[in-house]
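The lines below spell out each chain.
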Amino acid sequence: MTEEKDKTPKTIAELGEFGLIDLLTKNIELTQPSTVRGIGDDAAVLENGDKYLLISKDILLEGIHFDMVYQPLTHLGYKAVAINLSDIYAMNGTPTHILVGIGISSRYTLEAVQEIYKGIKLACKRYKVDFIGGDTSSSVQGLIISVTVLGSVDKDKVVYRGVSLPNELLCVSGDLGGAYAGLLILEREKAEFTANPDMQPDLTGNEYVLERFLKPEPRQDIIKIFKDLKIKPTAMIDISDGLASEIKHLCNYSDLGCAIFEDKIPIAKQTYEIAHSFKMDPTVFALNGGEDYELLFTIRQEDYDKIKNIAEISVIGHMNDNDSGINLITKSGSLVKIKAQGWDHLKK
Ligand code: ADP
Ligand code: MG
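Draft legend 1. Region of the structure containing the sheet that holds strand β2 (residues 44-48). With respect to topology, six strands assemble into an open sheet ordered β1-β2-β3-β6-β4-β5, the strand pairing being mixed. Across the chains shown, the open sheet's two edge strands, defined by having one partner strand only, are β1 (35-37) and β5 (130-138). Put simply, the sheet's adjacent strands are angled 25° from each other on average, direction ignored. Bridge count between strand β4 (residues 94-104) and β5: eight bridges; the pairing is parallel. The residue bridging Ile 102 from the neighbouring strand is Thr 136, located in β5. Contacting β3 (51-61), β4 and β6 (144-154), helix α3 (residues 73-89) crosses the sheet at an angle of about 145° to β3. Taken strand by strand, helix α4 (residues 110-126) contacts β4, β5 and β6, and its axis lies near 170° from that of β4.

Draft legend 2. Highlighting unusual backbone geometry. You will see that Lys 128, though not glycine, has its phi angle at about 55°, which is positive. Note on placement: Lys 128 falls in the loop between α4 and β5.

Draft legend 3. Representation of the packing of α3 against α4. One way to put it is that α3 packs onto α4 with a least axis distance of 6 Å and a crossing angle of 45°. Classified by the angle their axes make, α3 and α4 are oblique. Both α3 and α4 take part in a crossing whose hand is right-handed. Residues Leu 73, Thr 74, Leu 76, Gly 77, Tyr 78 and Val 81 of α3 touch α4, and the partners they reach there are Ala 112, Glu 115, Ile 116, Lys 118, Gly 119, Ile 120, Leu 122, Ala 123 and Arg 126. The class makeup of the residues in the contact of α3 with α4 is nine nonpolar, three polar and three charged.

Draft legend 4. Up close: the coordination of the magnesium ion (ligand 2). Bound to the magnesium ion (ligand 2) are the protein donor atoms Asp 42 (OD), Asp 87 (OD) and Asp 238 (OD), situated 2.0 to 2.1 Å from the metal. Each donor residue of the magnesium ion (ligand 2) belongs to the same chain, with the gaps between them written as D-x44-D-x150-D. Taken together, the positions of Asp 42 in the loop between β1 and β2 and Asp 87 in helix α3 put the pair 45 residues apart, joining distant regions of the chain. Per residue, the accessibility class of Asp 42 equals that of Asp 87, and both read buried.

Draft legend 5. A look at the nonpolar core. Ranked by size, the top nonpolar core spans 54 residues in total, and within it Ile 98, Leu 143, Ile 145 and Phe 297 carry the most contacts. Where this core is concerned, the elements lending two or more residues are β3, α3, β4, α4, β6, β7 (169-173), α7 (220-229) and β10 (294-299). Considering every element that reaches this core, the biggest residue donor is α3, with ten residues. Other than its neighbours up to four places away in sequence, Ile 145 contacts Asp 58, Ile 59, Leu 60, Leu 76, Ala 80, Val 100, Gly 101, Ile 102 and Ile 116.

Draft legend 6. Structural detail: the pattern of salt bridges. Tallying each qualifying case throughout the model produces 19 salt bridges. Where Asp 156 meets Lys 157, a salt bridge forms, and the shortest distance between an N and an O atom there is 3.8 Å. Look at Asp 156 and you get exposed, because its relative accessible area is 53%. For Asp 228, the salt bridge is made with Lys 224, and the minimal N-O distance between the two is 2.9 Å. With Asp 228 and Lys 224 both in helix α7 and four residues apart, this pair spans about one turn of that helix. The partly exposed category is assigned to Asp 228, whose relative accessible area is 48%.

Draft legend 7. Highlighting the sheet that holds strand β12 (residues 326-329). What the seven strands build is an open sheet, ordered β8-β10-β7-β11-β9-β12-β13; its pairing is mixed. Taken across any chain shown, the strands that pair with only one partner, and hence form the sheet edges, are β8 (235-239) and β13 (335-337). When the angles between neighbouring strand axes are averaged without regard to direction, this sheet yields 25°. Bridge count for strand β9 (residues 257-261) against β12 is four bridges, and the pairing is parallel. In the strand pairing of β12, Ala 259 is matched with Asn 327. Most of the contacts of helix α8 (residues 243-254) go to β8, to which it runs at about 160°, and overall it touches β7, β8, β9, β10, β11 (313-320) and β12.

Draft legend 8. Representation of the domain arrangement of the protein chain within the structure. Per the domain assignment, the segments of the protein chain are domain 1 (32-154) and domain 2 (169-337). Between domain 1 and domain 2, the residue contacts involve 23 residues of the former and 21 residues of the latter. For the pair domain 1 and domain 2, the two sides together bury roughly 2100 Å², of which 56% comes from carbon and sulfur. Considering only the side of domain 1, the residues that lose the most area to domain 2 are Tyr 70, Lys 79 and Tyr 89, jointly responsible for 30% of the buried surface there. Summed over the shared surface of domain 1 and domain 2, the result is two salt bridges. Taking the shortest distance from any N to any O, the salt bridge between Asp 67 and Lys 190 comes out at 2.5 Å. Linking domain 1 to domain 2 there are eight residue pairs in polar contact (both at pLDDT 80 or more). At nine residues, the largest contribution of residues to the side of domain 1 that touches domain 2 is made by α3. The class makeup of the residues in the side of domain 1 that touches domain 2 is ten nonpolar, seven polar and six charged.

Scoring rules and cut-offs
- Numbers given to residues run from 1 along each chain, matching the order in which its sequence is written.
- Chain labels run from A onward and ligand labels from 1 onward, assigned in the order the entries are written.
- In view of the model being predicted, local features appear only for residues whose pLDDT reaches at least 70, and side-chain atom pairs are presented and counted only at 80 or more, with totals across whole chains, interfaces and linings using the full set of residues.
- With hydrogens and water excluded, all non-hydrogen atoms of the structure serve as input to the side-chain values.
- Note on pairing: DSSP must find at least two bridges between two strands before they are called paired.
- Secondary structure elements are taken from DSSP: a helix is a run of H or I of four residues or more, a strand is a run of E of two residues or more, and numbering for both begins at the N terminus.
- The angle between two axes is taken between their N-to-C directions and runs from 0 to 180 degrees, where each axis is a line fitted to C-alpha atoms and a helix contributes only its stretch in contact.
- Contact between two residues is taken to exist if any of their heavy atoms lie within 4.5 Å; hydrogens are not considered.
- Each angle gets one of four labels, with under 35 degrees taken as roughly parallel, over 145 as roughly antiparallel, 65 to 115 as roughly perpendicular, and the rest as oblique.
- For any helix crossing, the convention is left-handed if the near helix is rotated counterclockwise from the far helix by under a right angle, and right-handed if that rotation is clockwise.
- Following the grouping adopted for this structure description, the nonpolar residues are Ala, Val, Leu, Ile, Met, Phe, Trp, Tyr, Cys and Pro, the charged ones are Asp, Glu, Lys and Arg, and the polar ones are all others, Gly among them.
- In this analysis a donor is any N, O or S atom within 2.8 Å of a metal ion (3.2 Å for sodium, potassium and calcium), and since water is not included, sites may seem incomplete.
- Residue exposure (1.4 Å probe, protein chains only): buried if accessible area is under 20% of the type maximum, exposed if over 50%, otherwise partly exposed.
- Nonpolar cores were defined as sets of buried Ala, Val, Leu, Ile, Met, Phe, Trp, Tyr and Cys residues, with membership established by side-chain atoms within 4.5 Å.
- Salt bridges, as used here, are contacts in which a Lys or Arg side-chain nitrogen is within 4 Å of a carboxyl oxygen on Asp or Glu.
- The source of the domain bounds is an automatic or database domain assignment.
- Note on terms: buried area is the combined drop in 1.4 Å-probe accessible area of two parts once they are placed together, counting the loss on both.
- A 3.5 Å cut-off defines polar contacts: any pair of N or O atoms within that distance qualifies, except that in protein one atom must be a possible hydrogen donor and the other a possible acceptor, and neighbouring residues in sequence count only when both atoms are side-chain atoms.

And the structure:
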């Protein structure tokens, strides 16, 4: 056995989520003429007449993605749909249909499951998506919700994770780190409640970040802005695992490096204040917190004038050639290599 072989990861924990997906899905053969893109992007892309059909799937597990101590059930149903829609918007597409698979343990009452469905239906109504099927099972432990979303996109409008070029502008929608700030607040209140069950949780003043975590809204509005302004991003991904992780994906897909400027990363005031109250760095929330469901994309330099006055879009840096790597230019001007920590549930 060579020394190199010894270093090959042997366990799922060593591989992490992305290493595992790569390992399991390499050499998958695509034989259907209708398959335009299989595994590897936010959604698969299939021929469908004069448009492309988009399909994506996300799974939410109790104890991993949500905690029943503080996750309102209606919001959970809503979120399960919202995070799937986000993957369709990340292809510059329009979501059209969903299917919902649910595994229910005996701990859940009929009313509880109905609450979840109330949230699912609410999200469908809000985003004009038809709920067309699913599957139902009992579960030995905990609740499982898996949503499959279908969408549609004009063939010439589809945006993949990567065909960016050096010097293109790296942009992000909304603000980052809020969902992680919300999670920290909820975890703090849970710990206090566990220690003293008479205590009433105090969540006032933190509404923005709590909503960011508990009930995220996918960025349908940004796709509309692209359409109205006649912008087609050169690459796009949604931020489910934190900016650092998604930037790494965007760069890898285009075989490029990039420079991000710390002072350009959009962070809401409430997120900033919460980070400080936990004696943590707000930039770390944006880079390594997860679940913001914003869009990260690259645009051509000549499109800058179109977006420069759009409050919901921030230019945070630019693409570079591959040799330069993925760099953060800090507020003090020093250059730091970005390591993607992200939300990797499988990595130790
Ligand atoms: P996202 O964060 O946008 O949902 P993921 O990082 O989960 O994307 O997945 C990356 C790509 O790998 C996607 O194209 C997805 O369809 C594919 N993928 C993820 N898990 C599996 C799996 N267990 N088997 C096959 N393909 C998978
Ligand atoms: Mg995605």
